[in-house]
Amino acid sequence: MGNKLTGIAASDGFAHAKAYPLVQPDLTVSKQSVEDTEAEVERFKAAIDQATEELQTIRQKAAESVGEEEAQVFDAHIMVLADPDLSDQTTTKIKEDQVNAAYAFEAVADNFITIFEGMEDNPYMQERASDIKDIKKRVIAHLLGVDLPDPSAIDEEVVVIAEDLTPSDTAQLNKKYVKAFVTDVGGRTSHSAIMARSLEIPAVVGAGQITSTVKKGQELVVDGVAGEVIIDPSDQEIEANEEKASEYESMKAEWNKLKDEPSISKDGVQVELAANIGTPKDLEGVSNNGAEGIGLYRTEFLYMDSSELPSEEDQFQAYKEVLEGVDGKPVVVRTMDIGGDKELPYLDLPDEMNPFLGYRALRISLDRDEIFRTQIRALLRASTYGQLRIMFPMVSNLDELRAAKAIVQEEKDKLEDQGQTISDSLQIGIMIEIPAAAMLADQFAKEVDFFSVGTNDLIQYTMAADRLNERVSYLYQPYNPSILRLIHNVIQAAHKEGKWAGMCGEMAGDQLAVPLLLGMGLDEFSMSATSVLKTRSLISRLDSKEMAELANKALTECTTQDEVVKLVEEYTK
Ligand code: PEP
Ligand code: MG
């Protein structure tokens, strides 16, 4: 029997392959004096050559596995490596100060980084600072003789293990070879988990000890449904995993029959089941899984997958592609939600003690409105290609909503003056993910066309439990009556004003929550595309009136999350 580790089930599916650690090595450089400075300069030049060759290979592989556009970021790195200023200054420093190459190069690179970062009104130079940071790591790794993790270099079937994966690491994983991933930290709503679901890669996160327990090449069995990992599995355990995988496949085949069916409860109440996407590439999953629209397009990935702010034209093309890609079905596009666990190196945001409570999302958009206006213009221009709904993230008060709407209006007026047509069925709504907005939903409802409840954040803010911190994940309680009451308040407030209420947090596709949400009258459920069909199957087996009774009991009688869970299990047996 293999050793078992339990984490959080982050993306359904099963896998059996060898472990491939993506671990950040220690790149601390110490100052050493060097006598043979000529040899040290040669060592430095060799490191630059090796780094360049490596980047060329990575670039080529990235172009093949994830696309030419994503690969272009490496061109900028190759260019910086070839910059004579960097290498001349390093060479001089090695010779004059008689120091080791790693120390000299780090000092020179840091100096450039500081200068470029200081050019606040020159975004081009600020981007170069982040390029230098990247290549600095690569060259120093060569000089220290350690390997850097490189997800795009994987060319055999593996289970990737890592302390954590950034959304951009996740985007570089090639589905052909990466059969699953397991991380030490993170929760079900961390963005690497969300991306794993859209890429349909089984994943277990928050497994605590995976990188310290498992070595490269050790065999792993991953159960992304139960959130379990078996290290060095026995033959029986491998067989059991294969059985579960094939049962899962047959269940999927059953759900697949509902692909072109509407989403209707047993007693005939129809709801909309939509999908969450991160890029136009996810459109395939949307149609394969029979989603009735897009309830959340997380546009921040457009910004994160690029080495500079995406232009109005690039954004327009992406939005148009998504609107056209769903054949007239509704598309909710959320404006940039950078911050929290979604970094944007070229904006060079200062580190904060509490990034989830800090300068992020709409707060950045209203503060740096030139970035926001570009996005809004691209959206307004794309609006005629389908049913567009613009949504603002992280709204905490009505002043923010009014300021954002005023900007939309101003850009609309300007575009119309230039002869641009803008759809007259465009809707504007907000995410409800801050308890203050959930409490004041009756007032917000008068000034929006719709709400979409972002439970990933709403739960963390209501329970004061960081959504990424597995040590407090027991407090991250979607079914706690307090959360249910906030959601209920939001749905009621929307309906009172004749507006629709949706949900695009992960809770919308949670099989235990769906009966309650249906009972509370939620109109639209937006989730990872891979959850749509099983949710449609579940809803077809539920009676909405019974579920309303169930929800009412949960809201008025239950005192804890456990009581709610028991109640739902009884009702849906
Ligand atoms: C949410 O907070 O529920 C949400 C959908 O947004 P994100 O997960 O991108 O923060
Ligand atoms: Mg959110």
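Residues numbered from 1 in each chain as written. Chains lettered and ligands numbered in written order. Predicted model: local features only at pLDDT ≥ 70, side-chain atom pairs only at ≥ 80, totals over all residues. Heavy atoms only, no water.

- Looking at an unreviewed UniProt entry, one finds the protein named Phosphoenolpyruvate-protein phosphotransferase, with Alloiococcus otitis ATCC 51267 as its source organism.
- Of the comments in the UniProt record for the protein, the one headed Cofactor (unreviewed entry) reads "Mg(2+)".
- A UniProt comment under Sequence similarities (unreviewed entry) is attached to the protein, and it reads "Belongs to the PEP-utilizing enzyme family." (UniProt positions renumbered as here; feature names shortened; annotations may be inferred.)

### Topic: the sheet that holds strand 8 (residues 228–231)
At step 1: Across the sheet, 8 strands lie side by side as 1-8-7-3-4-5-6-2; this open sheet has mixed pairing. The open sheet has two edge strands, strand 1 (3–6) and strand 2 (8–11), and neither has a second partner. The mean angle between the axes of side-by-side strands here comes to 30°, regardless of whether they run parallel or antiparallel.
At step 2: One ladder, built from 5 bridges, connects strand 3 (residues 14–22) with strand 4 (residues 158–162); its direction is parallel. Note that in strand 4 the partner of lysine 18 across the bridge is valine 158.
At step 3: Contacting strand 2, strand 5 (178–183) and strand 6 (203–205), helix 7 (residues 191–199) crosses the sheet at an angle of about 50° to strand 2.
At step 4: Contacting strand 3, strand 7 (219–223) and strand 8, helix 9 (residues 235–256) crosses the sheet at an angle of about 115° to strand 3. (Pairing = 2+ DSSP bridges. Helix = DSSP H or I, 4+ residues; strand = E, 2+ residues; numbered from the N terminus. Axes fitted to C-alpha atoms, helices over the stretch in contact; angles between N-to-C directions. Contact = heavy atoms within 4.5 Å.)

### Side note on the nonpolar core
At step 1: Residues Phe392 and Phe451 are the most contacted members of the largest nonpolar core, which totals 101 residues.
At step 2: Considering every element that reaches this core, the biggest residue donor is helix 19 (residues 481–496), with 8 residues. (Core = buried A, V, L, I, M, F, W, Y, C linked by side-chain atoms within 4.5 Å. Buried < 20%, exposed > 50% of the residue type's maximum accessible area, 1.4 Å probe, protein only.)

### So, the packing of aromatic side chains
At step 1: Enumeration according to the criterion identifies 7 aromatic pairs in this entry.
At step 2: With centroids separated by 5.6 Å and ring planes inclined at 45°, the aromatic side chains of phenylalanine 44 and phenylalanine 105 adopt a geometry described as tilted. With phenylalanine 44 in helix 1 (residues 37–65) and phenylalanine 105 in helix 4 (residues 101–118), the pair connects residues that are 61 residues apart, well separated along the chain. A single burial state applies to phenylalanine 44 and to phenylalanine 105, both of which are buried.
At step 3: Between phenylalanine 316 and tyrosine 385, the ring centres sit 6.0 Å apart and the planes meet at 70°, which makes this aromatic pair edge-to-face. Of this pair, phenylalanine 316 sits in helix 12 (residues 312–325) while tyrosine 385 sits in the loop between helix 14 (369–382) and strand 13 (387–392), placing them 69 residues apart in sequence.
At step 4: Under the relative-accessibility criterion, phenylalanine 316 is labelled buried at 9%.
At step 5: Across from the ring centre of phenylalanine 316, 4.3 Å away, lies the NZ or CZ of arginine 381, which sits over that ring. (Phe/Tyr/Trp six-rings, centres within 6.5 Å; stacked < 30°, edge-to-face > 60°. Lys NZ or Arg CZ within 6 Å of the ring centre and 35° of its normal.)

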